[in-house]
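# Reading the structure
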2 protein chains.
Amino acid sequence: MPTPDVSPAAHLIAARGGRVTRARIAVLEILQDSPRSLNHDDVAARLAADGMPHDRVTLYRTLDWLVEQGLAHRIIGPDRARRFKAGGETRSQHAHFHCDRCGHVLCLESIRPEEQFALPAGYQPERAELVFHGTCADCGRQRGTKA
Amino acid sequence: MPTPDVSPAAHLIAARGGRVTRARIAVLEILQDSPRSLNHDDVAARLAADGMPHDRVTLYRTLDWLVEQGLAHRIIGPDRARRFKAGGETRSQHAHFHCDRCGHVLCLESIRPEEQFALPAGYQPERAELVFHGTCADCGRQRGTKA
DNA sequence: GCAACTAATGCAACATTGTAGCATTAGCCG
DNA sequence: CGGCTAATGCTACAATGTTGCATTAGTTGC
């Protein structure tokens, strides 16, 4: 059987024909471990916490590569910074929820906007992005909590 | 009757209690004249074309002021730049269409996403942003044209 | 295991978008 | 017209992302 000491993340990377570097494995695992999307700073902080700090540029390129390979996808946050999440585009159609209280971004994969709306004549949609803003389930429960 | 040589834009500005400056009038008229949203560069270019170039910072502040006063609203484009449009938030709920061909952003005021979706329990949406990506009616007609 | 090949990395410098501080200009009001 | 001060414009700066290039380190063939 295939060597079991190689992480699933490493397998995914190798399957794309890219080199299996520590940076890519670490970044992909960080994204996979997080239930919400992360920006560059978040990822950099976790890399540093794991004892493997990387250059800012490397991080940008690594994340771009993951997106290019379909191993992650990105959305633009309200602070005009990009946020990344593992798992590709989820068949290209799903909604997000931005929590205005804690700032987290979650994917609502059950909601598929494209199927629901009729656009004016002449418009040819290829992709729809539906983002809700409000309070997430976590923050709703702990109403008094700050952060 | 009230002096008819004052533009409607000037009236709107005066009604907010702000000073009626050439910059504000010009910027607001530019936004009102455009059927689609504009970024800072677009507005600056039109100001220059009208013979009244302004400082970049002034433009940022003028646009922020208009948003603050409810005379315009802004959205974040896919290039992480802000785009502005006259008319406030249109009752806070409407969709946008990003044309991937010409880069324009149009408002689809007839589509109101919030009314259509049921979120998972615990999520409290306050605002929904629905963005379609694809080809707009103009670009769809002139298929060969290179924008 | 070693050498070679080259993708990936890391550094420095730059680009774009947006902000802050402060002196000057110009609306507004009496 | 004169004074008050909001608005402007300049300079410098901050945050986010990109480019070029020398170095490092996966990978492959032997």
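Residues numbered from 1 in each chain as written. Chains lettered and ligands numbered in written order. Predicted model: local features only at pLDDT ≥ 70, side-chain atom pairs only at ≥ 80, totals over all residues. Heavy atoms only, no water.

### Considerations on the pattern of salt bridges
Residue and element names in this part refer to chain A.
- With the rule as written, the count across this model stands at two salt bridges over all chains.
- The residue Arg74 makes a salt bridge to Asp64 at a minimum N-O spacing of 2.9 Å. With Arg74 in strand E1 (residues 72-76) and Asp64 in helix H4 (residues 56-68), this pair connects stretches of sequence that are 10 residues apart.
- The class for Asp64 is partly exposed, based on a relative accessible area of 30%. (Salt bridge = Lys/Arg side-chain N within 4 Å of Asp/Glu carboxyl O. Helix = DSSP H or I, 4+ residues; strand = E, 2+ residues; numbered from the N terminus. Buried < 20%, exposed > 50% of the residue type's maximum accessible area, 1.4 Å probe, protein only.)

### Observations regarding the interface of chain B and chain A
- Between chain B and chain A, the residue contacts involve 34 residues of the former and 34 residues of the latter.
- When the buried surface of chain B facing chain A is broken down by residue, B:Phe117, B:Tyr123 and B:His133 rank first, second and third, together holding 21% of it.
- Inspection of the chain B/chain A interface yields zero salt bridges.
- In this structure, the connection of chain B to chain A is made through zero residue pairs in polar contact (both at pLDDT 80 or more).
- Those elements giving two or more residues to the side of chain B that touches chain A turn out to be strand E4 (105-108), strand E5 (124-135) and helix H5 (137-141) of chain B.
- When residues of the side of chain B that touches chain A are assigned to their parent elements, the largest contribution, 12 residues, is made by E5(B).
- Of the residues assigned to the side of chain B that touches chain A, the class counts are 20 nonpolar, eight polar and six charged. (Contact = heavy atoms within 4.5 Å. Buried area = accessible area lost by both parts, 1.4 Å probe. Polar contact = N/O pair within 3.5 Å; in protein donor to acceptor, adjacent residues only side chain to side chain. Nonpolar A, V, L, I, M, F, W, Y, C, P; charged D, E, K, R; others polar.)

### Side note on helix H2 (residues 22-33) of chain A
- Taking 1.5 Å of rise per residue, 12 residues should cover 16 Å, and H2(A) covers 16 Å from first to last C-alpha, within 8% of that figure.
- Of the positions making up H2(A), those classed as buried are A:Ala23, A:Arg24, A:Ile25, A:Ala26, A:Val27, A:Leu28, A:Ile30 and A:Leu31. (Expected span 1.5 Å × (residues − 1).)

### As for the protein's contact with DNA strand D
- Residues in contact with DNA strand D amount to 23 residues; listed here are only the nearest, A:Val20, A:Arg82, B:Arg19, B:Arg24 and B:Arg61.
- Near the protein, meaning within 4 Å, the atoms of DNA strand D are sugar or phosphate in a fraction of 59%, with bases accounting for the rest.
- Between DNA strand D and the protein, one listed contact pairs a phosphate oxygen with a side-chain N or O atom of B:Asp55 at 3.4 Å.
- At the level of elements, H4 of chain A together with helix H2 (22-33) and helix H4 (56-68) of chain B are the ones that each hand at least two residues to the surface near DNA strand D.
- When residues of the surface near DNA strand D are assigned to their parent elements, the largest contribution, five residues, is made by H4(A).
- Partitioning the surface near DNA strand D into residue classes produces six nonpolar, six polar and 11 charged. (Near = heavy atom within 4 Å.)

### Description of the UniProt feature "binding site: Zn(2+)" (unreviewed entry) in chain A
Residues and elements named next belong to chain A.
- Cross-referencing UniProt, the feature "binding site: Zn(2+)" (unreviewed entry) maps to Cys99, Cys102, Cys136 and Cys139 in the present numbering.
- Tracing the sequence through the fold places Cys99 in strand E3 (residues 94-99).
- With near-sequence residues (within four places) excluded, Cys99 lies in contact with His104, Gly134, Thr135, Cys136 and Cys139.
- The topology assignment puts Cys136 in the loop between strand E5 (124-135) and helix H5 (137-141). (UniProt positions renumbered as here; feature names shortened; annotations may be inferred.)

### Let's talk about the packing of helix H1 (residues 8-15) of chain A against H2(A)
Residues and elements named next belong to chain A.
- Two elements in contact, H1 and H2, have axes separated by 9 Å at closest approach and are oriented at 120 degrees. In terms of their interaxial angle, H1 and H2 are classed as oblique. Taken as a pair, H1 and H2 cross one another with a handedness that is right-handed. Together, Ala9, Ala10, Leu12 and Ile13 of H1 and Arg24, Ile25, Leu28, Glu29 and Gln32 of H2 make up the contact between the two elements.
- For the contact of H1 with H2, the class distribution of residues is six nonpolar, one polar and two charged. (Axes fitted to C-alpha atoms, helices over the stretch in contact; angles between N-to-C directions. Parallel < 35°, antiparallel > 145°, perpendicular 65-115°, else oblique. Left-handed = near helix turned anticlockwise from the far one by under 90°.)

### Some words on the protein's contact with DNA strand C
- Close to DNA strand C lie 22 residues; A:Arg19, A:Arg24, A:Arg61, B:Val20 and B:Arg82 are nearest.
- If you look at DNA strand C and keep only atoms within 4 Å of the protein, 60% of those are sugar or phosphate atoms.
- Here a phosphate oxygen of DNA strand C sits 2.6 Å away from a polar atom, N or O, in the side chain of A:Arg24.
- With respect to DNA strand C, the side chain of A:Arg61 contributes an N or O atom lying 2.5 Å from a base oxygen.
- Looking at the surface near DNA strand C, the elements that each hand over two or more residues are H2 and H4 of chain A together with H4 of chain B.

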